[in-house]
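For reference, the chains in residue letters:
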Amino acid sequence: MSSSQTLSKLEALECHFTWVKETTRSQLLRMRVRLEDIGTDEGNFWLGSIYNLWGFVLYELGSSKDGHQYFRKATETLQRLRKEDEGPWLMVNYGNLAWLHHHLGEEAKSQDYLSKVEALKSKFSSPSQDELHPEIYAEKAWTLMKFGKDNQLLAADYFQRSFKMQPDMVQWQSSRVIVLASAAKHSDTGLSDDLMQEIRTAREQDPENLYVAAVELKERSNKGESVKDEAETLGQKILLQPVSSYSGLKPLLRLYRELGSLDKAIVLTEEALERHPDERYLKRCASLCYKWKVLRFTADQADQRTIERAIKLHDEVIDLYPDSSFVKKIDLACVQAKSSQGREIAYQMFQDLLARRDLDSDDKQLLYYNYARYLHFDRQDSNESIRYHMKSAKIQNSTFYGKLSVKILQKICKRGRSRMCTEIRTFLENLPEDNSE
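Throughout what follows, the structure given in this document is the object of discussion. (Residues numbered from 1 in each chain as written. Predicted model: local features only at pLDDT ≥ 70, side-chain atom pairs only at ≥ 80, totals over all residues. Heavy atoms only, no water.)

This next bit is on the side chain of arginine 280. For arginine 280, the location among the structural elements is in helix 16 (residues 280-295). Looking at arginine 280, its side chain comes within polar contact range of the side chain of glutamate 36, at 2.6 Å. Those residues in contact with arginine 280, other than ones at most four positions away along the chain, are Val33, Glu36, Asp37, Leu320 and Tyr321. (Helix = DSSP H or I, 4+ residues; strand = E, 2+ residues; numbered from the N terminus. Polar contact = N/O pair within 3.5 Å; in protein donor to acceptor, adjacent residues only side chain to side chain. Contact = heavy atoms within 4.5 Å.)

Put into structure tokens, the structure is as follows:
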């Protein structure tokens, strides 16, 4: 086979090398951290997919040896979990290995894996003509849902296609409702009745999935139901599970926040840390709860012990996540600003973050939004705060935080008390339509 024929076959494969394009190094580093925090408990249905994506990320970060090791782990894990030496669930994995060996110049091995993919495609054809095999749709969906909000609805569609063809795979339906709930997280209208019904059905069909259980409780609470007792029961169940970012802990903590029960959230994370004192993910969750509590303090009610615990946890988390601690550094600056001893530390931290030249547009928007709030609430500098909300809103393809900045600017104009109202109105009128929605 000529090199052009080989490349054509490789490009036609359904695998991570053809699905994931144009990632930055910082995105890859964050993805590696997220995969580490999911955990590798043997009971995880997605363990083979975790290793597959992990191998790709490590290769893209420059380590083909580690990437190969994780692709092989994926092969062994899929064979073990599915109790079969071969099956359609290996097509993506073999596609990854074909690409890896091609990049390493090992064309014979690459051809061997291409042949294995073709053999699996012949033996395990898709039950629906003109559609990918449901196993491929499911892994493609699971991968894409990890790569930003722009891919979430596409991932949900792929999960739906796979589940329709193979409705006994309840884990695919569970992942679909998780990604749809995440996509609607910042929606002004909340979840539709149809999606709520899908979430209820997923919880009934996949009762061991505590993440879905937490999402369902949170959404029922948003609809006005009382779920406090169920939340406490779920929290105790989560404590008994292996530590993982998909244990259901974080959506449960967000539910407690919405219920005004931050003390319960803190007690839950502290209890989890007593059981697993070295788990960095639990420290990350605890630091989030303490940040929520500290940022609710006004100047005259700040509890120094709570602030000190928040600062300690954030310092530890920043050390434990050296490649993805940017958000936590912003959080720490906001927490320090509430401490009488930390106000100048907070100001200097923000200056250091603003001076960075390696931030992508999403990071800049998050930073400008938080700095604007800090200027307004902690330094009483409303004019400079407005300027940073403008900088946040101006960034193209606004994130949630850019849209929040727009809403804040609109409110300031509506009140009409700021000397900058004319400037703000002109700014908003000239914003691109995407940013001004």
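Moving on, we come to the packing of helix 16 against helix 18 (residues 326-336). Look at helix 16 against helix 18: their axes get within 10 Å of each other, and the N-to-C directions meet at 35 degrees. Here the hand of the crossing between helix 16 and helix 18 comes out left-handed. Each of Arg284, Ser287, Leu288, Lys291, Val294 and Leu295 in helix 16 lies in contact with helix 18, whose residues at this interface are Lys328, Asp331, Cys334 and Val335. Residues belonging to the contact of helix 16 with helix 18 are distributed by class as follows: five nonpolar, one polar and four charged. (Axes fitted to C-alpha atoms, helices over the stretch in contact; angles between N-to-C directions. Left-handed = near helix turned anticlockwise from the far one by under 90°. Nonpolar A, V, L, I, M, F, W, Y, C, P; charged D, E, K, R; others polar.)

The periodicity of an α-helix, 3.6 residues per turn, causes residues three or four places apart in sequence to face the same way. The end-to-end C-alpha distance of helix 20 (residues 361-377), which contains 17 residues, comes to 24 Å, matching closely the 24 Å that a straight helix rising 1.5 Å per residue would cover. Among the residues of helix 20, those classed as buried are Asp363, Gln365, Leu366, Leu367, Tyr368, Tyr369, Asn370, Tyr371, Ala372, Tyr374 and Leu375. Here the buried face of helix 20 lies against helix 3 (25-38), helix 18, helix 19 (343-354), helix 21 (382-394) and helix 22 (400-415). Its side-chain oxygen at 3.2 Å from the backbone nitrogen of aspartate 362, aspartate 360 defines the N-terminal cap of helix 20. (Expected span 1.5 Å × (residues − 1). Buried < 20%, exposed > 50% of the residue type's maximum accessible area, 1.4 Å probe, protein only.)

In this section: the nonpolar core. As a rule of thumb, soluble globular proteins bury nonpolar side chains together. One finds Leu13, Leu35, Leu53, Trp142 and Phe159 to be the most contacted residues of the largest nonpolar core, which totals 66 residues. Top contributing element to this core by residue count: helix 4 (residues 47-60), with nine residues. Ignoring sequence-local partners within four residues, the contact set of phenylalanine 159 consists of Trp46, Ala138, Ala141, Trp142, Met145, Trp172, Ser175, Arg176 and Val179. (Core = buried A, V, L, I, M, F, W, Y, C linked by side-chain atoms within 4.5 Å.)

What follows concerns the state of the cysteines. Evaluated as defined, the whole model comprises zero disulfides. There is no disulfide at cysteine 334, and the cysteine sulfur nearest it, in cysteine 289, is 16 Å away. Residue cysteine 334 is classed as buried on the basis of its relative accessible area of 9%. Cysteine cysteine 413 is unpaired, with the sulfur of cysteine 421 as its nearest cysteine sulfur at 5.0 Å. (Disulfide = S-S within 2.5 Å.)

Right, let's get into the environment of arginine 343. You can see arginine 343 is positioned in helix 19. Arginine 343 sits 88 residues away from leucine 255 along the chain, and the two C-alpha atoms are 30 Å apart. For arginine 343, the contacting residues outside a window of four places in its chain are Gln336, Ala337 and Tyr374.

Okay, unusual backbone geometry next. One non-glycine residue, aspartate 130, lies in positive phi territory at about 70 degrees. Note on placement: aspartate 130 falls in the loop between helix 7 (107-123) and helix 8 (134-144). Phi is positive for glutamine 380, close to 50 degrees, though the residue is something other than glycine. Residue position: glutamine 380 is located in the loop between helix 20 and helix 21.

Across all of its chains, the model carries 20 aromatic pairs by this definition. Pairwise contacts between aromatic rings join Phe17, Phe56, Tyr59, Phe71 and Trp99 into one cluster. Looking at lysine 116, its charged tip hangs above the ring of tyrosine 94, at a distance of 5.4 Å from the centre. Lying over the aromatic face of tryptophan 142, lysine 146 brings its terminal NZ or CZ to 3.9 Å of the ring centre. (Phe/Tyr/Trp six-rings, centres within 6.5 Å; stacked < 30°, edge-to-face > 60°. Lys NZ or Arg CZ within 6 Å of the ring centre and 35° of its normal.)

These values are about where atoms sit, not about what they do.
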